[in-house]
Amino acid sequence: QVQLVESGGGLVQEKGSLKLSCLASGRRSMPYTMGWFRRAPGNEREFVAAMDWRGGTILYRESVKGRFTISRDNAKKTAYLEMDNLQPGDTARYYCTGDDGSLFSVPNDMAFWGAGTLVTVSS
């Protein structure tokens, strides 16, 4: 199975920026679709962003549009989430996710999950 390992989380002030990375390993190619979910304490897990193999389809939740950018480097087997103009509401554990299926709509779940990395935005 594919293993996903996130890095780059930490503490940042509001309006600041942070870039998360996700390294995929365990098989020759990374999943066709890569995405990011997040979960804050007391809240349900929610979708953040996803993109397919070459970026033909890229999806974001409304609250992060214009602030977050998902990208990937398939040769490096790495996905990224650039987060700009961070807000306290973005505080959550962020999970890198993947799936071998195509991306047609906002996914409810993914086949592969990382352990997550914590992002804390201070006010």
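Structure first, text after, so check above.
What you see is a predicted model; the values in this text were computed from it and never measured.

S.K.: Break down the sheet that holds strand β8 (residues 78–83) for me, with residues and values.
M.R.: Here we have four strands laid out as an open sheet, ordered β1-β3-β8-β7, and antiparallel in their pairing. Among the strands making up the open sheet, the edge pair consists of β1 (3–7) and β7 (68–73). Geometrically, the sheet is characterised by an average inter-axis angle of 15 degrees between neighbouring strands, direction not taken into account. Relative to strand β3 (residues 18–25), β1 is paired through five bridges, and the arrangement is antiparallel. In the sheet register, Leu 4 faces β3, and the bridge partner there is Ala 24.

S.K.: So what about the pattern of salt bridges? Which residues, and what values?
M.R.: Across all of its chains, the model carries seven salt bridges by this definition. Notably, a salt bridge pairs Asp 109 with Arg 45, separated by 3.8 Å at the nearest N-O pair. On the criterion of sequence distance, the pair formed by Asp 109 in the loop between β9 (92–99) and β10 (112–113) and Arg 45 in the loop between β4 (33–39) and β5 (46–51) is long-range, its members being 64 residues apart. Judged by relative accessible area, Asp 109 falls into the partly exposed class, the value being 44%. One salt bridge connects Arg 61 with Glu 46, and the closest N-O pair in it is separated by 3.5 Å. With Arg 61 in the loop between β6 (58–60) and β7 and Glu 46 in strand β5, this residue pair connects regions lying 15 residues apart in the sequence. With relative accessibility at 25%, the residue Glu 46 sits in the partly exposed group. Linked through salt bridges whose partners overlap, the residues forming this network are Arg 38, Glu 46, Arg 61, Arg 67 and Asp 90.

S.K.: Please give an account of the packing of aromatic side chains that cites residues and values.
M.R.: Taken as a whole, this structure holds three aromatic pairs when the rule is applied. Considering the side-chain rings of Phe 37 and Phe 47, the 5.6 Å spacing of their centres and the 80 degrees angle between planes classify their relative orientation as edge-to-face. Residue Phe 37 is located in strand β4, and its partner Phe 47 is located in strand β5; the two are separated by ten residues in the primary sequence. On the basis of relative accessibility, which here comes to 7%, the residue Phe 47 falls in the buried class. Each ring, one from Tyr 95 and one from Trp 113, has its centre 5.8 Å from the other, and the planes form 65 degrees; the classification is edge-to-face.

Procedures and definitions
Residue positions are given per chain, counted from 1 along the sequence in the order it is written. For a predicted model such as this one, the threshold for reporting local features is a pLDDT of at least 70, and the threshold for listing and counting side-chain atom pairs is 80 or more; totals across whole chains, interfaces and linings nevertheless cover every residue. Each side-chain value is worked out from all heavy atoms of the structure, with water and hydrogens disregarded. Following DSSP output, two strands are said to pair if at least two bridges run between them. Starting at the N terminus, helices and strands are each numbered in turn, a helix being any DSSP run of H or I of at least four residues and a strand any DSSP run of E of at least two. Axis definition: a line fit to C-alpha positions, over the contact stretch in the case of helices; interaxial angles, taken between N-to-C directions, run 0 to 180 degrees. Within this document, salt bridges are pairs made up of a side-chain nitrogen of Lys or Arg and a carboxyl oxygen of Asp or Glu, the two lying within 4 Å of each other. Burial classes: relative accessible area under 20% of the type maximum marks a residue as buried, over 50% as exposed, and values in between as partly exposed (1.4 Å probe, protein chains only). Only centres within 6.5 Å qualify two rings of Phe, Tyr or Trp (six-membered ring in Trp) as a pair; their planes then separate them into stacked at under 30 degrees, edge-to-face at over 60, and tilted for everything else.

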